[in-house]
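# Observations on the model geometry
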There are 2 protein chains.
Amino acid sequence: MIVSVIGLGLIGGSLAVDLKQRGFASKLIGVDNNPMHAHTAKKLGLVDEIQDLQSAIQNSHLIVLAIPVDACVKILPTLMDQIDLQIVTDLGSTKEKLITSISNHPKRKQYVPAHPMAGTEFSGPQAAQRGLFDGKCSIICNPEDSTKEAVAIVADMFHSLKMRCVYMDSEVHDRQTAYVSHLSHISAFALSLTVLHKEKADKHIFELASGGFDSTVRLAKSSAEMWTPIFQQNKKNVGKVLQKYIDTLQQFKDLIEMDDLDGMDNLINEANDIRRVLDQKEKNEQETIKKSVKAKRA
Amino acid sequence: MIVSVIGLGLIGGSLAVDLKQRGFASKLIGVDNNPMHAHTAKKLGLVDEIQDLQSAIQNSHLIVLAIPVDACVKILPTLMDQIDLQIVTDLGSTKEKLITSISNHPKRKQYVPAHPMAGTEFSGPQAAQRGLFDGKCSIICNPEDSTKEAVAIVADMFHSLKMRCVYMDSEVHDRQTAYVSHLSHISAFALSLTVLHKEKADKHIFELASGGFDSTVRLAKSSAEMWTPIFQQNKKNVGKVLQKYIDTLQQFKDLIEMDDLDGMDNLINEANDIRRVLDQKEKNEQETIKKSVKAKRA
C-alpha cells in the first residue's frame, strides 16, 4: 500500500519510518510545507520520497495527516474534495472539531479519525524515533461513521506499529484526553513558569532541582505550535479539568495551612493509588507488544 | 571511619551501600526501628551490621539521620546529648525547623545540616539503589555554625558518593526546595487525584494515558510518611509557592477561555525556556561524575 504522511515532525516522521520498515507501506511519500523538514526527513530515511500535497493525494492509497490540529481543520475539507477512493486518517489530539468540519461531506465515510497515544516533548523530523508507538494504545473515533474497510485499514496500520486499538466516541475521547494528556501539559508549563519566574530573583534556584523536578516539568519543552490549537479546540473540557485541578491544589494548600496532618495523609494515600494504574498500564503495554510479535509470527 | 545510618529506607539504604562499596565507611552500622526494614537492609547487604540506636551512637564516628523530617526533629536534641566527639548529619528535605531545634545545644558545632538532592518515588530498603546520588548536588546549610572538621567530613562523604556540594543558608534552602521539589510533589499528587476522581465515572480513562502522563504523575507514588511532615515544616514557603502555581494555572485557564491564542503562545514559549535549565543540569551532572572519577584516580 502506498502511504502519504502529511507533516514530517516527531509524530509523522516516527510513524513514517516504522510503516516503511515494518512493511505496511510499500512506498512512503512525505509531504511538508517546510522545505527544511522535508529535506531532513528524506535525508534521515524517514520517507522514500517527498512530493507536494496535490501529487501525494493522487498517488497514494492512504493519506495520514500528522500536522497541528488547527492546520488539520483547515486542510481536511479541501483534501476530502480531492480524493477518489483513498482512505484518510489523522493523528490529532482533539477530534470533535475536526469531525464536525466534514460531517456532511459526501466522502466522510472514507475518513477515520484517530489518535495514537504516544509522543515525546521534542519536535521536528530530527526528533522522530523508531518504535515510538510500540505497545501503546491508539484511539479510533466513531467507527460507525466510516466504511468498515477504511476502519480495518487504519487499524491494520496501527497494529503494524505494535499498537492496540480502542474504539471510542469522539466526545468521550476529547473529554478523557483533557484529563490524561492536556492537563499534564498545562501542569508542566505552569510548573516551569513558576520556577523560571523565581529564577529572576534566585539565580541559583535550579542547582537544587533533581530527577523529580525533571520528570514533572519535562512536558514543558513541548511546542506552542502543537499545543495552543489543542487547548483552543478542547477548551470546554480543558477549562473544566483545569478547574478541578486548581480546586485540588487549593485543598492541599488549605490542609497545609491548617496543619491538618491527617487530612494531608489521607489525600496523599489516595493519590498513591496511581501505582495500581501505572502498573496496569505497563502490563498492558508489554502484553500488546507480545501479542503483536505473536501475530507477526503466525 | 565507622558510619551509622539511622533509617534504612530508600535514601538511607542507598547512601549506606555506596559508602560501604566506595570505601568511605570502614564499617557501616544500620539502625531502623522497623525490624523488617533492618532485616531486609542486612540481607540485601546495604549495611555491615544492625545495632540499636544507643550502641550505634557510641560505636561510630559519623551518624547520619535518614528518617522523615518530623522524626528527625524529635530525635536530634536527645541524640546530641549523647554524643562525645561524633559528627552528626541529616539528609532531610527541610532544614530550618531541625536547626532551630538544637540552636542552643552545646554540641551544635558537631552537627552539619545537609540535603542530597536525589531520590525516587519508591520507599523502603528494597528500593535502595547503588549510584542513586551520582552526579547530583548536595546542599550543606549554614557551614559557619559547624566546626570546619565536621563540614569537611560530611563534604567528603558526599564527594565519595560522586556528588558536588553547594553551601547555602538554611532559609534560602527551604525557600528554594519549595519551588524545585515540594511543588513538584504536590502538582503530581493533585494530578493523580484529579484523574482518579474522574475514573469513578469514566472507568476506562487511563486507557488513553501515555508516557507524558506517567512522567508528570510519577511522584504521586511518594509516601505520606515522608511528605506530610515536609509540607508541614515548610508550610510558609510551600503555601506561597502553591499560590503562585495556582495563579499561573488560572492565567492559562483565562487565556484558553478567552481564545487568546497569542497569549497562550507567549506563555508556552516562555515555559519552553526550561530546556536551557534541564540541558545545563545534565551537563553539570556529567561534569560532576567526570571530576569525581578524576579525583579518585589522582
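What you see is a predicted model; the values in this text were computed from it and never measured.

## Quick word on the nonpolar core
Ranked by internal contacts, the top residues of the largest apolar core, which has 131 residues, are Phe206 of chain A together with Phe206 of chain B. Those residues in contact with Phe206 of chain B that lie beyond four places of it in its chain are Val180, Ile274, Val277 and Lys281 of chain A together with Val195, Leu196, Glu199 and Phe213 of chain B.

## Digging into the relation of the copies chain B and chain A
The transform that puts chain B on chain A rotates by 180 degrees and translates by 0.0 Å along the axis, for an RMSD of 0.0 Å. Overall, the copies show the geometry of a two-fold rotation axis. For chain B, the residue whose C-alpha comes nearest the rotation axis is Thr216 of chain B, separated from it by 2.1 Å. A high fraction, 99%, of the interface residues of chain B reappear at the interface in chain A, so the copies pair face to face through one surface.

## Section: a negative patch on the surface
A grouping of Glu96, Glu144, Asp145, Asp169 and Glu171 of chain A is seen on the molecular surface, where their side chains present a negatively charged patch. Look at Glu144 of chain A and you get exposed, because its relative accessible area is 53%.

## Focus on the sheet that holds strand β2 (residues 27-31) of chain A
All names here are of chain A. Strand order in the open sheet formed by 8 strands is β3-β2-β1-β4-β5-β6-β7-β8, with mixed pairing between adjacent strands. Two strands lie at the open edges of the sheet, namely β3 (49-50) and β8 (164-168), each paired on one side alone. Helix α4 (residues 69-82) rests against β4 (62-65), β5 (87-90) and β6 (111-116) of the sheet, and its axis sits at about 165 degrees to β4.

## Section: the packing of helix α10 (residues 235-257) of chain B against helix α11 (residues 261-271) of chain B
Residues and elements named next belong to chain B. Look at α10 against α11: their axes get within 8 Å of each other, and the N-to-C directions meet at 150 degrees. When α10 is examined against α11, the residues Gln251, Phe252, Leu255 and Ile256 are found in contact with a partner set consisting of Gly263, Met264, Leu267 and Ile268. Considering only residue class, the contact of α10 with α11 consists of 6 nonpolar, 2 polar and no charged.

## What to know about the sheet that holds strand β7 (residues 137-141) of chain B
All names here are of chain B. If you walk across this open sheet you meet the 8 strands as β3-β2-β1-β4-β5-β6-β7-β8, and the pairing is mixed. Only two strands of the sheet have a single neighbouring strand rather than two, namely β3 (49-50) and β8 (164-168). Where strand β6 (residues 111-116) lies against β7, 3 bridges are found, and the strand directions are antiparallel. Paired with Pro116 across the two strands is Ser138, which belongs to β7. Lying on the sheet, helix α1 (residues 10-21) is in contact with β1 (2-6), β2 (27-31) and β4 (62-65); it crosses β1 at an angle near 165 degrees.

## Structural notes on the packing of aromatic side chains
Both the distance between ring centres and the angle between the ring planes are used here to describe each pair of aromatic rings. Tallied over the entire structure, the rule returns 10 aromatic pairs over all chains. Taken together, a centroid distance of 5.8 Å and an interplanar angle of 50 degrees make the contact between Phe206 of chain A and Phe213 of chain A tilted. Here Phe206 of chain A matches Phe213 of chain A in class, with each residue buried. Taken together, the aromatic side chains of Phe189, Trp227 and Phe231 of chain A together with Phe252 of chain B make up a single cluster linked through ring pairs.

## A short note on the interface of chain B and chain A
Size of an interface: often given as the accessible area lost when the parts come together. Listed per partner, the contact involves 89 residues of chain B and 88 residues of chain A. Overall, the association of chain B and chain A removes approximately 8,400 Å² of surface from exposure, summing both partners, and the carbon and sulfur fraction of that is 66%. Considering only the surface of chain B that becomes buried against chain A, Val180, Leu208 and Lys221 of chain B emerge as the three largest contributors, covering 8% of it. Counting across the interface, chain B meets chain A through 10 salt bridges. The shortest N-O distance in the salt bridge between Glu199 of chain B and Arg276 of chain A comes to 2.9 Å.

Procedures and definitions
Residues numbered from 1 in each chain as written. Chains lettered and ligands numbered in written order. Predicted model: local features only at pLDDT ≥ 70, side-chain atom pairs only at ≥ 80, totals over all residues. Heavy atoms only, no water. Core = buried A, V, L, I, M, F, W, Y, C linked by side-chain atoms within 4.5 Å. Buried < 20%, exposed > 50% of the residue type's maximum accessible area, 1.4 Å probe, protein only. Contact = heavy atoms within 4.5 Å. Least-squares fit on C-alpha atoms with pLDDT ≥ 70 in both. Patch = residues over 30% accessible without salt bridge, like charges linked within 9 Å, V, L, I, M, F, W, Y side chains within 5 Å. Areas by Shrake-Rupley, 256 points an atom, 1.4 Å probe, with all protein chains shown as cover. Salt bridge = Lys/Arg side-chain N within 4 Å of Asp/Glu carboxyl O. Lys, Arg positive; Asp, Glu negative; His and termini not counted. Charge placed at Lys NZ, Arg CZ, Asp CG, Glu CD. Pairing = 2+ DSSP bridges. Helix = DSSP H or I, 4+ residues; strand = E, 2+ residues; numbered from the N terminus. Axes fitted to C-alpha atoms, helices over the stretch in contact; angles between N-to-C directions. Nonpolar A, V, L, I, M, F, W, Y, C, P; charged D, E, K, R; others polar. Phe/Tyr/Trp six-rings, centres within 6.5 Å; stacked < 30°, edge-to-face > 60°. Buried area = accessible area lost by both parts, 1.4 Å probe.

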